[in-house]
Amino acid sequence: MPPAEAGPRRQEGPRGVANPTEVSARSVEVEGRERRPGGPGALVVKAAVLHEYRQPLVIEEVEVLPPRAGEVLVRFVASGVCHSDLTRIQGERPSSLPIILGHEGAGIVEEVGPGVTTVKPGDHVVLSWIYGCGQCEYCTVGRPNLCRVGIKMLTGGTFPDGSTRFRIGDQPVHHMVVSSFGEMGVVPEACAIPVPAEVPLERAVVVGCGVMTGVGAVMNTARVHVGATVAVVGAGGVGLNVVQGAVLAGARQIIAVDILDAKLEMARRFGATHGINGRRENVVEAVRDLTGGLGVDYAFEVLGRPETIRQAYDMVKPGGMAVVVGISPADSEVALPAMQIPFQEKMLVGSFYGGARPRVDIPRLIDLYRTGRLKLDELVTRTYRPEQINQALHDLEAGELARGVVVY
Ligand code: APR
Ligand code: ZN
Ligand code: ZN
């Protein structure tokens, strides 16, 4: 916990003016109090804000507006640091600035807006970074990860109506749906998935992105079959979860590919049967050598680069499936051997957020952890205090982490 004076507080003076008598959010009574956005009763919290690409995040006071109808105010307990946060900081996927990043979050419901029925104050929640509107064609057929309203929210950095719930002075601050790089955030109800209170949130947090994306790619997208052969290109926070998803699915051979031996070692601890260092070996040949010359049934690209997508395609055997999980730079393209596409009947599919149906999949994954079949403790390499967020991002970039987690 941060020192008491650094904690969130209700704003009592004029907007933007710090209140000298600060109180922790836990003790704040909000029931029945009339509040208007930006006025008395709004919250002031510490958050790490991205103002400019390729610059460190700035830790500063941000006003959090009250949750509106169908929205939930969450006090974060933990936030994972994911490669997509780095990509956003580097401007490879442009965002509206300023923005509070962090999309792997877990916390406790502080307050709910009108009409919220699935969570109440005090509930423990893991956050989904995809919002399913519940009404559209995708949501209706059970593919809420493709909900266009949710995608717009993710890429636009605002709620569906274009508004935000964060502000610095008069300037709106954008969301990355969850925005867990701050002490509190407001999310749509559909993004706050209740989890049992006995599960430690600083572990459960990694289910919100890395585990859902990796295990989901195996279970939901590829539906890897028992006895399959699998290759995973990129054994980072998400790739290690593809590895453990493949173990859960009963794959007989799981080949991890990375350029760092330390990551290959981690992959073995998560159940990889083989490791290939892409710096030293021709990975496609090495995978074919390990699989009787034909290649694997399933290859997962968990990195986000055209070259490694091509590698994944090439290391799949005829009739197999290459699954692209990694998110490449916005303007990049992949070249494929066109003639092989029909001849070899390989499938090339994308997997976005592990094909998540958050309300079903997040509790399932938490249950697999509780029953000892999913590794979460081992994923969290290091924890950080909120003011160490830039260090956590640096360590991620340096390849030192499976997952780094900020604990509030
Ligand atoms: N070949 C193989 N592995 C590589 C290569 C390469 N050419 N270059 C880097 N790697 C490895 C890194 O060493 C690291 O272990 O890829 C891994 C990437 O892991 P992280 O940085 O931890 O990234 P992660 O959070 O897992 O995200 C990976 O998934 O969800 C998406 O947006 C996310 O596109 C990103 C991807
Ligand atoms: Zn992520
Ligand atoms: Zn929808």
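Residues numbered from 1 in each chain as written. Chains lettered and ligands numbered in written order. Predicted model: local features only at pLDDT ≥ 70, side-chain atom pairs only at ≥ 80, totals over all residues.

### With respect to the sheet that holds strand 13 (residues 253–258)
Pairing in this open sheet of 6 strands is parallel, and the strands run 14-13-12-15-16-17 from one edge to the other. Each end of this open sheet is capped by a strand with a single partner; those strands are strand 14 (274–277) and strand 17 (347–350). Ignoring which end each strand starts from, the neighbouring axes of this sheet average 20° apart. The pairing of strand 12 (residues 229–233) with strand 15 (residues 296–301) spans 4 bridges and is classified as parallel. Looking at strand 15, one finds that Val230 is bridged to Tyr298. Contacts from helix 7 (residues 261–269) reach strand 13 and strand 14, with the element oriented near 165° to strand 14. (Pairing = 2+ DSSP bridges. Helix = DSSP H or I, 4+ residues; strand = E, 2+ residues; numbered from the N terminus. Axes fitted to C-alpha atoms, helices over the stretch in contact; angles between N-to-C directions. Contact = placed C-beta atoms within 7 Å.)

### Observations concerning the packing of helix 5 (residues 210–222) against helix 6 (residues 239–249)
Put simply, helix 5 and helix 6 touch, their axes get as near as 7 Å, and they point 45° apart. Judged by the inter-axis angle, helix 5 sits oblique to helix 6. Remark: the crossing between helix 5 and helix 6 carries right-handed chirality. Only Gly239, Leu240, Asn241, Val242, Gln244, Gly245, Ala246, Leu248 and Ala249 of helix 6 make contact with helix 5, whose side of the interface consists of Gly210, Val211, Thr213, Gly214, Val215, Ala217, Val218 and Met219. Across the contact of helix 5 with helix 6, the residue classes tally to 10 nonpolar, 7 polar and no charged. (Parallel < 35°, antiparallel > 145°, perpendicular 65-115°, else oblique. Left-handed = near helix turned anticlockwise from the far one by under 90°. Nonpolar A, V, L, I, M, F, W, Y, C, P; charged D, E, K, R; others polar.)

### As for unusual backbone geometry
Residue Pro98 is reached from Leu97 by a cis peptide bond, and omega for that bond is -10°. With respect to the helices, strands and loops of the structure, Pro98 is situated in the loop between helix 1 (83–89) and strand 5 (99–100). The phi dihedral of Val177 is positive, around 60°, even though this residue is not glycine. Residue placement: Val177 occurs in the loop between strand 9 (171–175) and strand 10 (184–188). Among the residues examined, Val177 registers 22 C-beta atoms within 10 Å and is labelled buried. (Buried ≥ 20, exposed ≤ 12 C-beta atoms within 10 Å, placed from the backbone.)

### Concerning the pairing of strand 4 (residues 71–81)
With 11 of 11 residues buried, strand 4 is to be regarded as a mostly interior element. Two elements, strand 4 and strand 10, share 5 bridges in a ladder whose sense is antiparallel. When the bridges of strand 10 are listed, Leu73 appears paired with Val186. Strand direction decides the pairing type here: strand 4 and strand 6 (residues 104–112), joined by 8 bridges, are antiparallel. Bridging from a neighbouring strand, Val74 pairs with Val109 of strand 6. Pairing of strand 4 with strand 19 (residues 403–407) involves 4 bridges; the strand directions are antiparallel. Along strand 19, the bridge assignment pairs Gly80 with Val405.

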